[in-house]
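Analysis of the macromolecular model
This is what each chain is made of:
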Amino acid sequence: AQRVTQPEKLLSVFKGAPVELKCNYSYSGSPELFWYVQYSRQRLQLLLRHISRESIKGFTADLNKGETSFHLKKPFAQEEDSAMYYCALSRGNQFYFGTGTSLTVIP
Amino acid sequence: EAGVTQFPSHSVIEKGQTVTLRCDPISGHDNLYWYRRVMGKEIKFLLHFVKESKQDESGMPNNRFLAERTGGTYSTLKVQPAELEDSGVYFCASSQAGYSGNTIYFGEGSWLTVV
């Protein structure tokens, strides 16, 4: 069965500090993994996907198949990064989400 | 281009009443999904339409939930009769057809509170 685990419900960091949001998955095949973000009063939106290997808003995420992880990282957090972050795994046209991590960046 | 729109944005109903949530996907998107997030839990898949057909409804919690997508355009999700545990945020999402792992686009969600 597919499962996505985000162990941290809440995460607070100071502005300018590095941030890492953890995501682990279980999946028997080759996973396609995503990070979605929901800013206050806005809709869920795609932040990045592992197959594109791009950096969005300074965030990166590397798929580590050995550790079955897809942690989201940013070297210097900004106040505008405060939001809810969801890790998601895609199988075909269905997505499996983690419980989300609420990130607060303290000024 | 208009995004996925959902109506109503908020709804408060009494236990036993009926609520119908509506979703208008992005024009041209054949895939339409309903997801739900109950407080403190993960966003869970409810069902998936391809055009007007239910492709996968394995996530529907019970027969009090009925989803339709007549004509393959907008979709409705009806909860009848509503129970307290149905409270949560109901997300609709859509994606283009035919591409595995394609990104999906979410609506803002419909917040349902059953009292």
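For the structure given in this document, a descriptive report is provided here.

Cut-offs and rules
Residues numbered from 1 in each chain as written. Chains lettered and ligands numbered in written order. Predicted model: local features only at pLDDT ≥ 70, side-chain atom pairs only at ≥ 80, totals over all residues. Heavy atoms only, no water. Pairing = 2+ DSSP bridges. Helix = DSSP H or I, 4+ residues; strand = E, 2+ residues; numbered from the N terminus. Buried < 20%, exposed > 50% of the residue type's maximum accessible area, 1.4 Å probe, protein only. Polar contact = N/O pair within 3.5 Å; in protein donor to acceptor, adjacent residues only side chain to side chain. Contact = heavy atoms within 4.5 Å. Salt bridge = Lys/Arg side-chain N within 4 Å of Asp/Glu carboxyl O. Nonpolar A, V, L, I, M, F, W, Y, C, P; charged D, E, K, R; others polar.

For the rest of this paragraph, the subject is the sheet that holds strand β3 (residues 19-21) of chain A. Residue and element names in this part refer to chain A. The three strands are arranged β3-β8-β7 in an open sheet whose pairing can be described as antiparallel. Looking at the sheet topology across the chains shown, the edges are occupied by β3 and β7 (60-61). One ladder, built from three bridges, connects β3 with strand β8 (residues 72-74); its direction is antiparallel. Across the sheet, Val-19 pairs through a bridge with Lys-74, a residue of β8.

Residue and element names in this part refer to chain B. Relative to the helices and strands, Ser-87 is located in the loop between β8 (75-79) and β9 (88-95). What makes Ser-87 buried here is its relative accessible area of 19%. A polar contact is formed between the side chain of Ser-87 and the backbone oxygen of Leu-84, at a distance of 3.1 Å. Dropping the residues within four chain positions of it, Ser-87 is found in contact with Val-38, Leu-112, Thr-113 and Val-114.

Below, the discussion takes up the interface of chain B and chain A. Each partner contributes to the interface: chain B provides 24 residues, whereas chain A provides 19 residues. The tally of links from chain B across to chain A stands at one salt bridge. The closest approach of N and O atoms between Arg-43 of chain A and Glu-108 of chain B, which form a salt bridge, is 3.7 Å. Linking chain B with chain A are five residue pairs in polar contact (both at pLDDT 80 or more). Listing elements by their share of the side of chain B that touches chain A, those giving two or more residues are β4 (31-37), β5 (43-50) and β9 of chain B. If one sorts the elements of the side of chain B that touches chain A by residue count, β4 of chain B sits on top with four residues. Residues belonging to the side of chain B that touches chain A are distributed by class as follows: nine nonpolar, ten polar and five charged.

As a further point, take the pattern of salt bridges. Here the idea is simple: oppositely charged side chains can pair when their charged atoms come close. The tally for this structure, following the rule as stated, stands at ten salt bridges over all chains. For Lys-15 of chain A, the salt bridge goes to Glu-79 of chain A, with nearest N and O atoms at 3.9 Å. Here the residue Lys-15 of chain A occupies a position in the loop between β2 (10-14) and β3, and Glu-79 of chain A occupies one in the loop between β8 and β9 (83-91), the gap between them amounting to 64 residues. Under the relative-accessibility criterion, Lys-15 of chain A is labelled partly exposed at 46%. Lys-15 of chain B is the partner of Glu-83 of chain B in a salt bridge, and the nearest nitrogen-oxygen pair spans 4.0 Å. You can see Glu-83 of chain B sitting in the loop between β8 and β9 and its partner Lys-15 of chain B sitting in the loop between β2 (10-13) and β3 (19-24), a full 68 residues away along the chain.

Shape descriptors only; they carry no functional weight alone.
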